[in-house]
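Remarks on the overall topology
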Amino acid sequence: MTPLGEEIAAVIEREGPMRLDRYMMLCLQHPRYGYYMTHDPFGAQGDFITAPEISQMFGEMLGLWLADAWSLSGAPQQARLVELGPGRGTLMTDVLRALRVAPGLSEKLEVDLVETSPKLRQAQRETLGRETVPIQWRYDLAETPRGPIFLIANEFFDALPVRQFVRAAPGWRERVVGLDANRRLALGLAPRTEPDLPLTAPLHSVIEVSPSAQNMMAEIAQRIAADGGAALIIDYGYTNTTLGESLQAVSRHAYVNPLEAPGEADLTTHVDFAALARAAKAEGAKVLGPTTQGRFLTQVGIERRAAALRSHATERQQADVDAALRRLAGSGDPREVMGDLFKVMAIVHPDLPDPPGFAD
């Protein structure tokens, strides 16, 4: 058992089985042994590859969308660009390059990177070291100064903890992490039933609920409704709230048991975009989408950008551009392409005209 596994087992022995969301939070954010505190998970040498590592086109399209949202917002003098979970800083580099096409925006821009991992903060500093815009690191969104924000969150919400409930004969019972007879971590069910979930689901059905994700979205929407701006959320997940469990652990580009080595694998779940939309609307913000990543990128111009890159490229580089375009925006097997599985949703001030990317 890993050091974090030993610590979790000791807590369970002392306090009893723990909720799944607490287990996930410890695995990812434990100050000493948490996955994001000790690992650089991105790229070919990490545990997974995200869209910014596939091609610069992804970040450039997001940057152009944010520039348009800034213009539609009346080009506010103090423009604050915020990224949640900035990875190595690759996405922000591409976004900032694209934002330079908006006259006057770069001079007004300040960047806030919301990141808790010391290891990833260092990687971001190295990646963004030559940028001339002011950059500050924050531990949470509440630390960012008030005013209009233009926010991006790419594969951020999928790493927020979830609670799982299983439909048993008496009602919904919460899934918990306990210990088996050999002192190994094992899943079980809490004894009491959850009264606030519908009883119409078949026996043994599972539903995932993420209070952390909904609270985060509510905070973003409240800021935008009060101060102005826009947010772009990109992640893999469901358009509608649905039954099913999606917890997975990834280590070195392979799926592993989420209970096998706490702190050594990334834990994620599919995002419930309908729940995020409800949380945002409850705070008075306007919600656009979700739409598929493929449709969004196509509408904001990724094919034109790919054509421009091909026009100045070698034959090998042209093939790489075509492969990246297909992987980012193509439809088909989600193990090979991201266009359908990944969704995009925008949160904007209620008075803001609709930015591009979400037309029917």
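Refer to the structure above for everything that follows.
Residues numbered from 1 in each chain as written. Predicted model: local features only at pLDDT ≥ 70, side-chain atom pairs only at ≥ 80, totals over all residues. Heavy atoms only, no water.

Observations concerning the overall build of the chain
Counting its secondary structure elements, the chain contains 13 helices and 16 strands. Relative to the globule expectation of 21 Å for 360 residues, the C-alpha radius of gyration of the chain, 21 Å, shows essentially globular dimensions. Along the three orthogonal principal directions, the C-alpha set of the chain runs to about 65 × 45 × 40 Å. By residue count, 54% of the 360 residues in the chain fall in the buried class. Total accessible area on the chain is roughly 16200 Å²; 50% of this is exposed by carbon and sulfur atoms. Each charge sign in the chain was given a centre, from 36 positive and 46 negative side chains, and these centres are 1 Å apart. (Helix = DSSP H or I, 4+ residues; strand = E, 2+ residues; numbered from the N terminus. Rg over C-alpha atoms; globule rule 2.2 N^0.38 Å. Buried < 20%, exposed > 50% of the residue type's maximum accessible area, 1.4 Å probe, protein only. Areas by Shrake-Rupley, 256 points an atom, 1.4 Å probe, with all protein chains shown as cover. Lys, Arg positive; Asp, Glu negative; His and termini not counted. Charge placed at Lys NZ, Arg CZ, Asp CG, Glu CD.)

Let's talk about empty space enclosed by the protein
Over the atoms, a rolling probe the size of a water molecule traces out where space has been left empty. This structure, assessed with the given rule, holds 1 cavity of 30 Å³ or more. The space that makes up the largest cavity amounts to roughly 50 Å³. What lines the largest cavity is Leu66, Ala67, Trp70, Ala79, Leu81, Leu99, Leu105, Leu109 and Phe150. It is helix H5 (residues 56-72) that provides the largest number of residues to the lining of the largest cavity, a total of 3 residues. The class makeup of the residues in the lining of the largest cavity is 9 nonpolar, no polar and no charged. (1 Å grid on protein atoms, 1.4 Å probe; cavity = no way out; pocket = protein on both sides within 12 Å on 5 of 7 lines; lining within 4 Å. Points joined across faces, edges and corners; volume = space filled by probe spheres on them. Nonpolar A, V, L, I, M, F, W, Y, C, P; charged D, E, K, R; others polar.)

What about the nonpolar core?
In terms of nonpolar packing, the biggest core is built from 51 residues, with Leu62, Trp65, Leu81, Leu96, Leu99, Leu232 and Phe296 touching the most fellow members. Looking at which element gives the most residues to this core, the answer is H5, with 9 residues. Those residues in contact with Phe296, other than ones at most four positions away along the chain, are Leu62, Trp65, Leu232, Thr291, Val344, Pro356, Gly357 and Phe358. Core analysis: the second largest hydrophobic core is formed by 28 residues, Val114, Phe156, Ile220 and Val287 among them. (Core = buried A, V, L, I, M, F, W, Y, C linked by side-chain atoms within 4.5 Å. Contact = heavy atoms within 4.5 Å.)

Some thoughts on the packing of H5 against helix H11 (residues 293-300)
The interhelical angle for the contact between H5 and H11, taken along N-to-C directions, is 65 degrees, at an axis separation of 10 Å. By the criterion of interaxial angle, the relationship of H5 to H11 is roughly perpendicular. Here the hand of the crossing between H5 and H11 comes out left-handed. Where H5 abuts H11, its residues Phe58, Met61, Leu62 and Trp65 lie against Gln293, Phe296, Leu297 and Val300. (Axes fitted to C-alpha atoms, helices over the stretch in contact; angles between N-to-C directions. Parallel < 35°, antiparallel > 145°, perpendicular 65-115°, else oblique. Left-handed = near helix turned anticlockwise from the far one by under 90°.)

So, the layout of surface pockets
The computed volume of the second largest pocket comes to approximately 280 Å³. In terms of lining residues, the second largest pocket is bounded by 22 residues, among which Glu208, Val209, Ser210, Asp272 and Ala275 are the most central. Put simply, the parts of the chain that give the lining of the second largest pocket at least two residues each are strand E9 (206-209), helix H9 (211-227), strand E14 (271-272) and helix H10 (273-282). For the lining of the second largest pocket, the class distribution of residues is 11 nonpolar, 7 polar and 4 charged.

Here's the deal with the sheet that holds strand E13 (residues 266-268)
Ordered in space as E12-E11-E13, the 3 strands form an open sheet in which the pairing is antiparallel. Across the chains shown, the open sheet's two edge strands, defined by having one partner strand only, are strand E12 (254-256) and E13. Looking at each pair of strands side by side, their axes are set apart by 40 degrees on average, direction ignored. Note: strand E11 (residues 248-251) against E13, 3 bridges, orientation antiparallel. By the bridge assignment for E13, Ala249 is matched with Leu267. (Pairing = 2+ DSSP bridges.)

Notes on the side chain of Gln124
For Gln124, the position within the fold is in helix H8 (residues 118-127). We classify Gln124 as buried; its relative accessible area is 0%. Reaching out from Gln124, the side chain makes a polar contact with the backbone oxygen of Gly87 at a distance of 2.7 Å. (Polar contact = N/O pair within 3.5 Å; in protein donor to acceptor, adjacent residues only side chain to side chain.)

Quick look at H11
Along H11, the residues classified as buried are Gln293, Gly294, Phe296, Leu297 and Val300. For H11, the angular spread of the buried residues around the axis is 165 degrees, confining them to a single face. Elements that come into contact with the buried residues of H11 comprise H5, strand E10 (229-238), strand E15 (286-292), helix H12 (302-311), helix H13 (315-329) and strand E16 (342-348). The positive-phi residue at the C-terminal boundary of H11 is Gly301, with phi of around 110 degrees. (Arc of directions from axis to C-beta.)

Thoughts on the packing of aromatic side chains
Under the counting rule described, the total for this entry stands at 4 aromatic pairs. A centroid spacing of 5.2 Å and a plane angle of 70 degrees characterise the contact between Tyr35 and Tyr36, whose relative ring orientation is edge-to-face. Like Tyr35, the residue Tyr36 is buried in the burial classification. Between Phe156 and Phe157 the ring centres are 5.4 Å apart and the planes differ by 90 degrees, which places this aromatic pair in the edge-to-face class. You'll find Phe156 and Phe157 in the same group, each marked buried. Lying across the ring of Tyr139, Arg121 places its NZ or CZ 3.9 Å from the centre. A cation over a ring is seen here: Arg125 above Trp137, with NZ or CZ 4.5 Å from the ring centre. (Phe/Tyr/Trp six-rings, centres within 6.5 Å; stacked < 30°, edge-to-face > 60°. Lys NZ or Arg CZ within 6 Å of the ring centre and 35° of its normal.)

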